[in-house]
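So the chains spell out like this:
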Amino acid sequence: MKRLLITALSAAMLLGLSACADKGAESAVQMDEQELNSKQPPVVTEEELGLRKENLYTEDTKPVRAVYTKAAPGTATRFKRSYVNAPPLIPHSVDGLLPITKGNNACLGCHMPEVAKSVGATPIPPTHFMDFRTQKKLDHLAQQRYNCSQCHVPQANVQPLVKNNFQPDFWRPEQMEKSNLIDTLNEGVR
Ligand code: HEC
Ligand code: HEC
């Protein structure tokens, strides 16, 4: 009986306490609202929320029809590198080459170093034949590099939704068309 009474008492105390806490929170919310109103924050409309400038509830946009380059491998013009040691963009058509699957990677047929020269393709660089965990050279392509299109992408004629003002800084002219990451891996680290 005595224990019951104590339990009831402590429950009542707890309830009282939480009521107090609620009041505190309420006035904090009121203060926040007052402060916000006095500063008159800019209103973001539904249309301004997304990159496509559409009302999100009535949005009626058609998907952008991206037209990828049609130039077959061997007839395309290489892009300038996006920045020093960036993964080069794919300049040729990838029709029939994607998706890369476990059993079929058509990219290797032209880009493996032993064949690349004879077809005029850029050879897969030494960084892709290396285990970065152990820093050891491999006698085969690193598995992490198998899925080429994870890093190398073809280009289409679409306008960027947001203007890109990035300007790469090439401090040697050859960096615009070739990577040398294998030689500079630890640049600035040691
Ligand atoms: C039939 C041979 C062939 C196949 C298959 C092929 N490529 Fe190429 N690739 C080339 C050639 C040749 C070039 C040089 C540009 C040209 O002449 O079209 C090139 C250029 C590139 C470049 C630009 C290299 C640079 O130095 O700027 C990248 C990246 C590339 N290919 C990635 C790929 C990927 C990824 C695949 C698979 C989806 C692939 N290629 C399949 C022949 C091929
Ligand atoms: C994890 C990302 C990644 C994957 C996957 C990948 N690459 Fe690369 N690739 C890069 C980066 C970053 C560079 C530039 C720096 C360097 O040389 O490592 C590069 C450079 C290259 C170059 C230019 C070499 C030069 O001498 O300038 C070729 C060609 C290339 N990759 C082909 C391929 C092919 C073909 C595959 C698939 C078998 C592939 N890559 C997979 C990131 C990747």
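Everything that follows concerns the structure shown earlier in this document.
Position numbers for residues start from 1 in each chain and track the written sequence from start to end. All chains are assigned letters beginning with A, and all ligands numbers beginning with 1, in the order in which they are written. Restriction of local features to residues with pLDDT of at least 70 applies here, the model being predicted, together with a cutoff of 80 or more for giving and counting side-chain atom pairs; totals for whole chains, interfaces and linings are based on all residues. Where side-chain values are given, they derive from all heavy atoms of the structure, hydrogens and water being excluded.

Enquirer: Any chance you could break down the coordination of the iron atom of ligand 2 for me, citing the residues and the numbers?
Expert: Coordinating N, O and S atoms are those within 2.8 Å of the metal (3.2 Å for Na, K and Ca), and as water is not part of the atoms, a site may appear to have fewer donors than expected. Note on the iron atom of ligand 2: its protein donors are His 128 (NE2) and His 152 (NE2). The metal-donor distances range over 2.0 to 2.1 Å. Only two sets of limits are used to name each site, 85 to 135 degrees for every angle of a tetrahedral four-donor site, and over 155 degrees for opposite donors with all other angles from 65 to 115 for a square planar four-donor or octahedral six-donor site, with any other site named irregular. Every donor counted, the 6 donor atoms about the iron atom of ligand 2 form angles of 86 to 178° at the centre, which fits octahedral coordination. Separated by 24 residues along the polypeptide, His 128 in the loop between α4 (113–119) and β1 (130–131) and His 152 in the loop between β2 (136–137) and α5 (181–184) bring together distant segments of the chain. Both residues of the pair, His 128 and His 152, belong to the buried class. Here a helix means four or more residues in a row that DSSP labels H or I, a strand means two or more in a row labelled E, and each is numbered from the N terminus. Burial here depends on accessible area, computed with a 1.4 Å probe over protein chains only, as a share of the maximum for the residue type. Under 20% is buried, over 50% is exposed, and the range in between is partly exposed.

Enquirer: Residue-level account of the site of ligand 1, with values.
Expert: Looking at ligand 1, there are 23 residues lining it, with Arg 81, His 92, Cys 107, Cys 110 and His 111 nearest. Definition of a polar contact: a pair of N or O atoms within 3.5 Å, with one able to donate and the other able to accept a hydrogen when the atoms are protein atoms, and with sequence-neighbouring residues admitted only if both atoms are side-chain atoms. Backbone polar atom of Thr 75 to an oxygen atom of ligand 1: 3.4 Å apart, as the coordinates give it. Assessed atom by atom at 2 Å from the grid points, ligand 1 resides in the largest pocket. Per-element accounting of the shell around ligand 1 gives the leading share, 4 residues, to helix α3 (residues 106–111). Taken together, the residues of the shell around ligand 1 sort by class into 14 nonpolar, 7 polar and 2 charged. Neighbouring residues are identified by heavy atoms, a residue being near a molecule or strand if any of them is within 4 Å of it. As defined here, a cavity is a set of points on a 1 Å grid over the protein atoms alone where a 1.4 Å probe fits but cannot get out. A pocket is an open set with protein on both sides within 12 Å along at least five of seven lines, and residues line them when an atom is within 4 Å of a point. Any molecule with more than half of its atoms within 2 Å of a cavity's or pocket's grid points is counted as sitting in it. Gly is placed with the polar residues, together with every amino acid not listed as nonpolar (Ala, Val, Leu, Ile, Met, Phe, Trp, Tyr, Cys and Pro) or charged (Asp, Glu, Lys and Arg).

Enquirer: Hey, could you go over the site of ligand 2 for me, with residue numbers and the actual values?
Expert: Inspection of the region around ligand 2 gives 24 residues, with Thr 127, His 128, Cys 148, Cys 151 and His 152 positioned closest. Within the side chain of His 152, an N or O atom sits 2.8 Å from a nitrogen atom of ligand 2. Ser 179 has a polar side-chain atom sitting 2.6 Å from an oxygen atom of ligand 2. In terms of residue class, the shell around ligand 2 is built from 12 nonpolar, 9 polar and 3 charged.

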